[in-house]
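Here are the chains, one letter per residue:
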Amino acid sequence: MQSLRTGTLLAIVLGTGVFFGVAAVFAWFNLRPAPAPADIVLAYIRASYAHDYTAVWELASDEDKTYKTREQYLAENPPYTGAKLELARRLAEWIEFRLISTAEQNGQIIVTARLKVPDLNQPEIQTLMAEADRATGSAQELLDRLQALRDSGNLKWLETDEAYTLVAQRDGLRLSLHWSGAVVITLEGNIKDNLPFEFYPV
């Protein structure tokens with residue numbers, strides 16, 4: 001009986017040692033478990049809502065990035081900066097995310113979630129954003145007013161269900177944002193005969 005207890009105790013000690021050894025390796029190499037699909041989607045939602053398009057670019061799939069360079073994407077989607085970005089990020093932190101389902105389909109992961117987000121069209125929010133756009137110093141006073149709006153219960157919210165597609169890459173899961181769906185329009189100019197106009201080179 002004593003031998004059994006000793007063996008059990010030894011197994012626990014060895015198991016504990018292995019656990020902390022693995023934990024030490026992860027800590028030493030700064031390794032972290034891969035984020036869950038829902039976590040990646042929430043990060044994208046918050047970055048997109050806050051107009052933090054530099055962060056959105058990092059979460060886009062490699063396939064999307066073959067259609068637009070980082071410079072092109074940021075030129076088309078200028079990110080917020082300064083006080084306006086701070087204000088938008090604070091609002092994004094308040095987004096409520098409830099996972100509905102996670103499903104695999106054709107090698108992709110589909111995450112469906114119910115979102116509750118602050119209404120950016122609320123006049124009080126619009127006013128704060130306009131002031132933040134002109135601000136040159138600290139955003140703290142604007143953040144305090146935003147917090148007061150929420151604490152008073154007067155912050156308006158929008159609710160919606162959304163689905164997001166993720167694809168696996170060598171560096172982890174990324175959002176498929178379907179940038180390839182952009183329609184390319186080619187315009188051509190032709191000069192027809194017998195028109196009542198005259199054209200001269202400039």
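Scroll up to find the structure this text is about.
About the cut-offs
- Residues numbered from 1 in each chain as written.
- Predicted model: local features only at pLDDT ≥ 70, side-chain atom pairs only at ≥ 80, totals over all residues.
- Heavy atoms only, no water.
- Helix = DSSP H or I, 4+ residues; strand = E, 2+ residues; numbered from the N terminus.
- Buried < 20%, exposed > 50% of the residue type's maximum accessible area, 1.4 Å probe, protein only.
- Areas by Shrake-Rupley, 256 points an atom, 1.4 Å probe, with all protein chains shown as cover.
- Core = buried A, V, L, I, M, F, W, Y, C linked by side-chain atoms within 4.5 Å.
- Salt bridge = Lys/Arg side-chain N within 4 Å of Asp/Glu carboxyl O.
- 1 Å grid on protein atoms, 1.4 Å probe; cavity = no way out; pocket = protein on both sides within 12 Å on 5 of 7 lines; lining within 4 Å.
- Points joined across faces, edges and corners; volume = space filled by probe spheres on them.
- Nonpolar A, V, L, I, M, F, W, Y, C, P; charged D, E, K, R; others polar.
- Pairing = 2+ DSSP bridges.
- Phe/Tyr/Trp six-rings, centres within 6.5 Å; stacked < 30°, edge-to-face > 60°.
- Lys NZ or Arg CZ within 6 Å of the ring centre and 35° of its normal.
- Expected span 1.5 Å × (residues − 1).
- Arc of directions from axis to C-beta.
- Contact = heavy atoms within 4.5 Å.
- Axes fitted to C-alpha atoms, helices over the stretch in contact; angles between N-to-C directions.

Chemist: Give me the lowdown on the overall build of the protein chain, citing residues and values where you can.
Modeler: Assigned secondary structure in the protein chain consists of eight helices and four strands. For the protein chain, the N- to C-terminal ordering of α and β elements is α-α-α-α-α-α-β-β-α-α-β-β. Here the protein chain, with 202 residues, has 29% of them falling under the buried criterion. Summed over its atoms, the accessible surface of the protein chain is roughly 14200 Å², and 55% of this surface lies on carbon and sulfur atoms.

Chemist: Before we move on, could you go through the nonpolar core and cite the residues and values that matter?
Modeler: Membership of the largest hydrophobic core comes to 41 residues, with the highest contact counts inside it found for Y44 and L87. Counting residues per element, this core draws most heavily on helix 2 (residues 37-49), which supplies six residues.

Chemist: Which residues make up the pattern of salt bridges, and what are the values?
Modeler: If you walk through the whole model with that rule in mind, you get eight salt bridges. For R89, the salt bridge identified is with D52, shortest N-O distance 3.0 Å. Taken together, the residues span a long stretch of sequence, with R89 in helix 6 (residues 82-93) and D52 in the loop between helix 2 and helix 3 (53-59) at a distance of 37 residues. Assessed through its relative accessible area of 13%, D52 is described here as buried.

Chemist: Before we move on, can you summarise the layout of surface pockets with the specific residues and values?
Modeler: Within this model, the largest pocket holds a volume of roughly 200 Å³. Forming the walls of the largest pocket are Y44, I45, S48, Y49, L115, V117, P118, D119, L120, L158 and Y164. Of all the secondary structure elements, the ones that give two or more residues to the lining of the largest pocket are helix 2, strand 2 (108-118) and strand 3 (157-169). Per-element accounting of the lining of the largest pocket gives the leading share, four residues, to helix 2. The residue inventory of the lining of the largest pocket, partitioned by class, reads nine nonpolar, one polar and one charged.

Chemist: Go over the pairing of strand 4 (residues 172-175) with me, naming the residues and quoting the values.
Modeler: Across a regular strand the side chains alternate sides, sitting on one face of the sheet and then on the other. Pairing of strand 3 with strand 4, which is carried by four bridges, proceeds in the antiparallel orientation. Following the sheet pairing, V167 is matched in strand 4 by R174. Between strand 3 and the antiparallel strand that follows it, strand 4, lie two residues.

Chemist: Describe the packing of aromatic side chains, and please don't skip the residues or the numbers.
Modeler: The tally for this structure, following the rule as stated, stands at five aromatic pairs. When the ring of W57 is compared with that of W179, the centres are 5.8 Å apart and the planes differ by 20°; the resulting orientation is stacked. Here the residue W57 occupies a position in helix 3, and W179 occupies one in the segment after strand 4, the gap between them amounting to 122 residues. A connected cluster of aromatic rings, assembled from ring pairs, spans Y53, W57, Y73 and W179. The lysine or arginine in question, K68, covers the ring of W179, its NZ or CZ lying 5.6 Å from the ring centre. Seen from the ring of W157, K116 lies directly overhead, with NZ or CZ sitting 5.3 Å from the centre.

Chemist: So, helix 7 (residues 123-134): which residues are in play, and what are the values?
Modeler: Look at helix 7: 17 Å from first C-alpha to last across 12 residues, which is about the 16 Å you get at 1.5 Å a residue. Taken together, the buried positions of helix 7 are occupied by I125, L128, M129 and A132. Buried residues along helix 7 cover an arc of 100° about the axis, so they all sit on one side. Those residues of helix 7 that are exposed and aimed more than 90 degrees away from the buried face are P123, D133 and R134. The inward-facing, buried residues of helix 7 abut helix 6 and helix 8 (140-151).

Chemist: An account of the sheet that holds strand 1 (residues 96-105) is needed here, citing residue identities and associated values.
Modeler: Ordered by their spatial adjacency, four strands build an open sheet running 1-2-3-4, and the pairing between neighbours is antiparallel. Sheet topology places strand 1 and strand 4 at the edges, where each strand pairs with a single neighbour. Across this sheet, the average inter-strand angle for adjacent strands is 30°, counted without regard to direction. The sheet strands contacting helix 2 are strand 1, strand 2, strand 3 and strand 4, and the helix crosses strand 2 at an angle near 45°.

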